[in-house]
Amino acid sequence: MMRFGTKAETLERLAPLVKTALVLPVFRFLVREWKSDRAGVVRKIQREKWGVGAVIVRSSASSEDTEAASAAGRYASVLNVSGTEELIKAIDVVVASYGRGSGRDEVLVQPMLGRVTMSGVAFSRDPSTGGEYYVVNYDDKTNSTSSVTSGTSSDLKTLYIYKHGADVHAPRHIAGVLDLMKELESIFGRDALDIEFAVGEDSVLYLLQVRPLVNVRKSELPKGDVHNALVMLEDKIHVLNQPHPHLFGEYTILGVMPDWNPAEMIGIRPKPLAMSLYRELVTDSIWAHQREAYGYRDVRGFPLLIDLAGVPYIDVRVDFNSFIPATLHAKIAAKLTQYYLDKLREHPESHDKVEFDILFTCYTFNIEESISTLGKHGFSMKERREILESLRKLTRTIIDEKGGIWKKDREKIVELERRQATVSSSPLDPITKIFWLLEDCKWYGTLPFAGLARSAFIATQMMRTLVASHIVSADEYALFMQSLDLISSRIGRDFDDLSKEEFLKRYGHLRPGTYDILSPRYDEASELYFTWGSKKSVHKATGGKKFLLSKEKSAKINKYLKEHKLDQDARGLFYFIKNAIELREYSKFVFTRSVSEVLRLIRDLGEQHGFSPEECSYLDIACLKNLYAASGHCEEELRECIERGRRRHALARSVVLPPILFDPSEVRMFALMESQPNFITLKSASGPVVSVRHEKDLLKNSILFIESADPGYDWVFHHGIAGLVTMYGGANSHMAIRAAELGLPSVIGAGEVLYTKWSGARYVEVDCANKQLRILES
């Protein structure tokens, strides 16, 4: 069993042992040799057969590639070095990067590998989760050996391959890398390795570096549990893909970001309490009740969210069925649903923006042009006309000023506020309070919120197509959006105008993770979020500006509405648009108060029975509902539920799944694809990369990276960030709306591949006009 040495020592020892790859010739020397006889060192290098050609001078410090730390990227390497003078300068650069260094520090010189057809890094365990996967990050469109490690690759690909169980047929160009990983695991007698590799023009695989994968998490599960779980996942996906008599579509697709976007709202590995709360309040049934009430196909009874080993997926076939107008003939509806599914399969990069790129969910002013494309996919003129008319009828009903269903949803939100006060101030026991806060929240909170969110989507689409049709100018659209009185605008104003006590009384229930019991509320840890001494909101929203339509503009819009047979006038349309967008934000603000209060009561109940908030995060809300509906020993039931949830979450932390699943085989091998991010505004900004884990004092003038962000993250806008990047989120998400309102250059929904690449940089530039994020310093 071989032991690791310095980078140079390890490669030197491996050279005669490795059979599946080549190690380039190694010349190594101590820094103290260089300082005492640099001319002698140069002569020795140039005596090597390869020493007079182009070489690479690499670091090989004693503190590098150790069991405790990799120190990756800390020290210098110089590529394409030719001639004595360049060689001396390059060695000096590497030595200088060590600082004071150590007596064991070395410098490594090797022949420069010429043109390459592929380069990358590979891990024999998932570095993020510790899961038993081979993870290969590679670029097969580069001539550089360092495009992946330097972060300069513009075509980075990531492949995950489960290590055990059934044979997985890896792509031919990756099979050699996997063979090398297996050989190295055998040589070192360990399964957590990090290697760098390249493939030359001669198709030979070269091993450039190997080191221990440090701080990798050990699985909490017995051996075999992950394999068994993957077998069950394959079976479950196979079952879900079968035809269903109550659904249109020959198969389904599973994604973490379509529609109700669980990746953004609760994360891809939520704790059981957060997952179960989201299902209870939204995706088990409430979402379908809303769709049916708004004139879409009735899919009540079908859960929208499918829990696959603790990872929340949207059942896309169910979702697409729910966006079919109820009045559309079944034969056309079936054909349209299948078209949607086939289109997403063909364009998986649209999985986080299906309502923009895939579906027709409402009538807009350019809908006829969009629907005309169906003619290329076998839809007759008559079928296209029926789809158009069903959307027009549905939209007319929703936007109607007098009888629009959104008005009833507004009334329900008012009723929820009354019920919240009644239940919270009552002498009811905690479990009963939890039960009724949830019941009221479902039927008077998340149900109307879902309706108002749908109304706001239609409103926003109406406005955007008015701009695209040159009926409303871009400046008028911007002024209208700035005139809206949104909760996010009020927070900025009230932070400046109210006392700390008044501000927290109004907004204290907000928390960065709406469904996460471990995410502190504003009023529980206000110093984490706000600097009370500087009572000035840096990004202060401009809500409250007046927007007025001229008579000429109103007349033009009235004529346009009549042409489109929407039975609405300009005043009524803008009344709907304004109220829908404002009420979406307000209803979210109100129903999250119920969720926050439920989490507080659960925390207190847990503490009463000796359980910490962290332990309570493993509860399932069904357990608490059962304690209300049946007799039982509270402490015992809580303990059993926590243990089940802990085991379930341990599995989620050990399994790695793709953001979109088409086939059962993808639970064992899949490639992460680059997403198409949503660039908000046409502005640009540059700054250091920071995350919410940094001290809030570092946020000013930074580019802030957040994996997912719900309304509870509004506090970040009070700290003068220059730009925002999120991993998850769509063009219509809260953060996208907030960024547009503030004029903040933002990249929303970058996806895992790009987010991981960008967040590892030190300094970046966001250029929204050109839809680019450039790494200025890696």
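Here the structure is shown first, and the text comes after it.
Residues numbered from 1 in each chain as written. Predicted model: local features only at pLDDT ≥ 70, side-chain atom pairs only at ≥ 80, totals over all residues. Heavy atoms only, no water.

## A short note on the packing of helix 15 (residues 405-424) against helix 22 (residues 570-608)
This is how it is decided: Lines are fitted to the C-alpha atoms to define the axes, a helix being fitted only along its stretch in contact, and any angle between axes, read from their N-to-C directions, falls within 0 to 180 degrees. Runs of E in the DSSP output that reach at least two residues are strands. Runs of H or I that reach at least four are helices, and both are numbered from the N terminus. When an angle is under 35 degrees it counts as roughly parallel; over 145 it counts as roughly antiparallel; between 65 and 115 it counts as roughly perpendicular; any other value is oblique. The hand of a helix crossing depends on one turn: near helix anticlockwise from the far one by less than a right angle means left-handed, and clockwise means right-handed. By definition, residues are in contact when any of their heavy atoms lie within 4.5 Å.
For the pair helix 15 and helix 22, interaxial distance at closest approach is 10 Å and the crossing angle is 25 degrees. The orientation of helix 15 relative to helix 22 falls into the category roughly parallel. Our pair here, helix 15 against helix 22, has a crossing hand that is left-handed. Counted together, Trp406, Lys407, Arg410, Ile413, Leu416, Glu417, Gln420 and Ser424 of helix 15 and Tyr575, Phe576, Asn579, Leu583, Tyr586, Ser587, Val590, Phe591, Arg593, Ser594 and Glu597 of helix 22 form the full contact between these two elements.

## Description of empty space enclosed by the protein
Counted only if it meets this: In this analysis, the protein atoms alone were mapped onto a 1 Å grid. Cavities are point sets where a 1.4 Å probe fits without being able to get out; pockets are open sets with protein on both sides within 12 Å along at least five of seven lines; lining residues have an atom within 4 Å of a point. Grid points are joined across faces, edges and corners, and a volume is the space filled by probe spheres set on the points. Basically, the charged four are Asp, Glu, Lys and Arg, the nonpolar ten are Ala, Val, Leu, Ile, Met, Phe, Trp, Tyr, Cys and Pro, and anything else, Gly included, counts as polar.
All chains considered together, the criterion is met by 4 cavities of 30 Å³ or more. Space inside the largest cavity adds up to approximately 640 Å³. In terms of lining residues, the largest cavity is bounded by 36 residues, among which Asp259, Trp260, Ala453, Asn732 and Ser733 are the most central. If you list the elements that add at least two residues to the lining of the largest cavity, you get helix 7 (262-265), helix 9 (286-293), helix 12 (354-357), helix 16 (430-468), helix 22 and helix 26 (734-742). Classifying every residue of the lining of the largest cavity gives 17 nonpolar, 8 polar and 11 charged. Lining the second largest cavity we find 19 residues, and of these Val256, Pro658, Pro659, Tyr728 and Glu752 sit closest to its centre.

## Quick notes on the sheet that holds strand 6 (residues 116-123)
The pairing of strands in a sheet comes from backbone hydrogen bonds and takes either a parallel or an antiparallel form. We apply this condition: Here, a strand pair is defined by DSSP locating no fewer than two bridges between the strands.
With mixed pairing, 7 strands are arranged side by side in an open sheet as 1-10-9-6-7-8-15. Taken across any chain shown, the strands that pair with only one partner, and hence form the sheet edges, are strand 1 (22-23) and strand 15 (669-672). Sheet topology note: the strand 6/strand 9 (residues 193-200) ladder contains 7 bridges and is antiparallel. Of the residues in strand 9, the one forming a bridge with Phe123 is Asp194.

## Side note on the pairing of strand 19 (residues 723-726)
In plain terms, the rule: Note on classification: 1.4 Å probe, protein chains only; a residue is buried when its accessible area is under 20% of the maximum for its type, exposed when over 50%, partly exposed between these limits. The crossover handedness rule: strands pointing away from the viewer, path from first strand over the helix to second strand clockwise, crossover right-handed.
Residue alternation in strand 19 divides its side chains into two sets, Gly723 and Val725 and Leu724 and Thr726, and both sets are buried. Note: strand 19 against strand 20 (residues 746-748), 2 bridges, orientation parallel. Looking across to strand 20, one finds that Val725 is bridged to Val747. For the crossover from strand 19 across helix 26 to strand 20, the handedness is right-handed.

## A word on the environment of Pro245
Along the polypeptide, Pro245 turns up in the loop between helix 6 (225-240) and strand 11 (254-255). Put simply, Pro245 and Cys641 are 396 residues apart on the chain and 35 Å apart in space, counted from C-alpha to C-alpha.

## Considerations on the nonpolar core
In plain terms, the rule: Here, nonpolar core refers to any group of buried Ala, Val, Leu, Ile, Met, Phe, Trp, Tyr and Cys residues whose side-chain atoms link them within 4.5 Å.
Ranked by size, the top nonpolar core spans 145 residues in total, and within it Tyr515 and Ile602 carry the most contacts. A per-element tally of this core places helix 22 first, with 17 residues. With near-sequence residues (within four places) excluded, Ile602 lies in contact with Leu273, Ile434, Ile517, Cys616, Leu619, Ile621 and Leu624. By size, the runner-up hydrophobic cluster in this structure holds 55 residues, among which are Tyr162, Ala192, Leu651 and Val747.

## A short note on the environment of Gly83
Within the element layout of this structure, Gly83 appears in helix 4 (residues 83-97). A C-alpha to C-alpha distance of 28 Å links Gly83 and Ser203, two positions 120 residues apart in sequence.

## Some details on the side chain of Ser746
Filter applied, for reference: Pairs of N or O atoms are called polar contacts if they sit within 3.5 Å, as long as, within protein, a hydrogen donor faces a hydrogen acceptor (for residues adjacent in sequence, only side-chain-to-side-chain pairs).
Take Ser746: it is sitting in strand 20. Taking relative accessible area as the criterion, Ser746 reaches 0% and is therefore assigned buried. From its side chain, Ser746 meets the backbone oxygen of Leu744 in a polar contact 2.9 Å long. If we ignore the near neighbours within four places in the chain, the residues touching Ser746 are Asn678, Phe679, Ile680, Leu724, Ala739, Val766 and Cys768.

## Some thoughts on the environment of Glu741
Take Glu741: it is sitting in helix 26. Judged by its relative accessible area of 10%, Glu741 falls in the buried class. When the C-alpha positions of Glu741 and Met481 are compared, they lie 6.8 Å apart, and in sequence the two are 260 residues distant.

## Considering unusual backbone geometry
The backbone of His470 shows a phi angle near 65 degrees, a positive value even though the residue is not glycine. Here His470 is to be found in the loop between helix 16 and helix 17 (474-483). Residue His470 is classed as exposed on the basis of its relative accessible area, which comes to 67%. Phi at Lys771 takes a positive value of approximately 50 degrees, unusual for a residue other than glycine. Secondary-structure assignment places Lys771 in the loop between strand 21 (763-767) and strand 22 (772-777).

## Focus on the sheet that holds strand 18 (residues 703-706)
The strand order across the open sheet built from 7 strands is 16-20-19-18-17-21-22, with neighbouring strands paired in mixed fashion. Each end of this open sheet is capped by a strand with a single partner; those strands are strand 16 (678-680) and strand 22. Direction aside, neighbouring strands of the sheet carry axes that sit 30 degrees apart on average. Sheet topology note: the strand 17 (residues 684-691)/strand 18 ladder contains 3 bridges and is parallel. Pairing of Val689 across the sheet is with Ile703, part of strand 18.

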